[in-house]
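Listed below are the residues making up each chain.
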Amino acid sequence: MRSFTFTIPGQPKGKMRPKVTMQGGFAHAYTPKETTSYENYVRVMYQICKNKMFLDGAIRADIVAFFPIPKSTSKKNKALMLAGEIKYTKKVDCDNLAKIVLDSLNGIAYKDDAQVYELSVKKLYAEEPKVVVTLTEVGD
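If you're wondering where the values come from, they're calculated on a predicted model, not measured in any experiment.

Moving on, we come to the side chain of aspartate 103. Mapped onto the elements, aspartate 103 comes out in helix H3 (residues 94-104). With a relative accessible area of 15%, aspartate 103 lands in the buried category. Not counting the four nearest positions on each side in its chain, aspartate 103 is found in contact with Lys15, Glu39 and Asp113.

Written out as structure tokens, the structure reads:
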């Protein structure tokens, strides 16, 4: 089994829905700038990862998103958040978080995200926001 882990520093983002505009009487769909920017950022973080590799077989993906604790949080609740006793249940949705990360890695970490047969996504509170991605090749 081959595996590697890399970190995407900063506020976790989710994949946004395509936007639609009318041009010359025709509908034109495009990807929002925020999504494109974050996908490019994920690619760069993968490319500077020292232990990266291209995976060929079936893949298990583990994505852990760490969200900042609100500044107004009491010390007691902050401790509970850091201990995982208070769960992060706000936006970004787990499915949109996984989608933006996995789509970003198409063609550079694996041929296609269809290779991902098992997926785990967690949202936690932390002092520093980031996303930690572990990809494990488990065979065919």
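Moving on from the model shown.
All right, on to the nonpolar core then. By size, the foremost hydrophobic cluster in this structure holds 31 residues, and its most contacted members are Phe6, Ile8, Leu105 and Leu135. Where this core is concerned, the elements lending two or more residues are strand S1 (2-9), helix H1 (33-47), strand S4 (58-68), H3, strand S5 (116-126) and strand S6 (130-139).

One pass over the structure, following the stated rule, counts six salt bridges. Between lysine 78 and glutamate 127 there is a salt bridge, with the nearest N and O atoms lying 3.6 Å from each other. One end of the pair, lysine 78, is in helix H2 (residues 75-82); the other, glutamate 127, is in the loop between S5 and S6, and 49 residues separate them in sequence. Among the residues examined, lysine 78 registers a relative accessible area of 32% and is labelled partly exposed. With relative accessibility at 48%, the residue glutamate 127 sits in the partly exposed group. Where salt bridges share partners, they join Lys15, Glu39, Lys99 and Asp103 into one cluster.

Our next topic: the packing of aromatic side chains. Under the criterion given, the structure shown has six aromatic pairs. Taken together, a centroid distance of 5.8 Å and an interplanar angle of 75° make the contact between phenylalanine 6 and tyrosine 46 edge-to-face. In this pair, phenylalanine 6 is assigned in strand S1 and tyrosine 46 in helix H1, connecting sequence segments 40 residues apart. Judged by its relative accessible area of 3%, phenylalanine 6 is buried. Taking relative accessible area as the criterion, tyrosine 46 reaches 3% and is therefore assigned buried. A centroid spacing of 6.1 Å and a plane angle of 50° characterise the contact between tyrosine 38 and tyrosine 41, whose relative ring orientation is tilted. Of the two residues, tyrosine 38 and tyrosine 41 are both situated in helix H1; the distance of three residues between them amounts to about one turn of the helix.

What counts, and at which threshold
- Residues numbered from 1 in each chain as written.
- Predicted model: local features only at pLDDT ≥ 70, side-chain atom pairs only at ≥ 80, totals over all residues.
- Heavy atoms only, no water.
- Helix = DSSP H or I, 4+ residues; strand = E, 2+ residues; numbered from the N terminus.
- Buried < 20%, exposed > 50% of the residue type's maximum accessible area, 1.4 Å probe, protein only.
- Contact = heavy atoms within 4.5 Å.
- Core = buried A, V, L, I, M, F, W, Y, C linked by side-chain atoms within 4.5 Å.
- Salt bridge = Lys/Arg side-chain N within 4 Å of Asp/Glu carboxyl O.
- Phe/Tyr/Trp six-rings, centres within 6.5 Å; stacked < 30°, edge-to-face > 60°.

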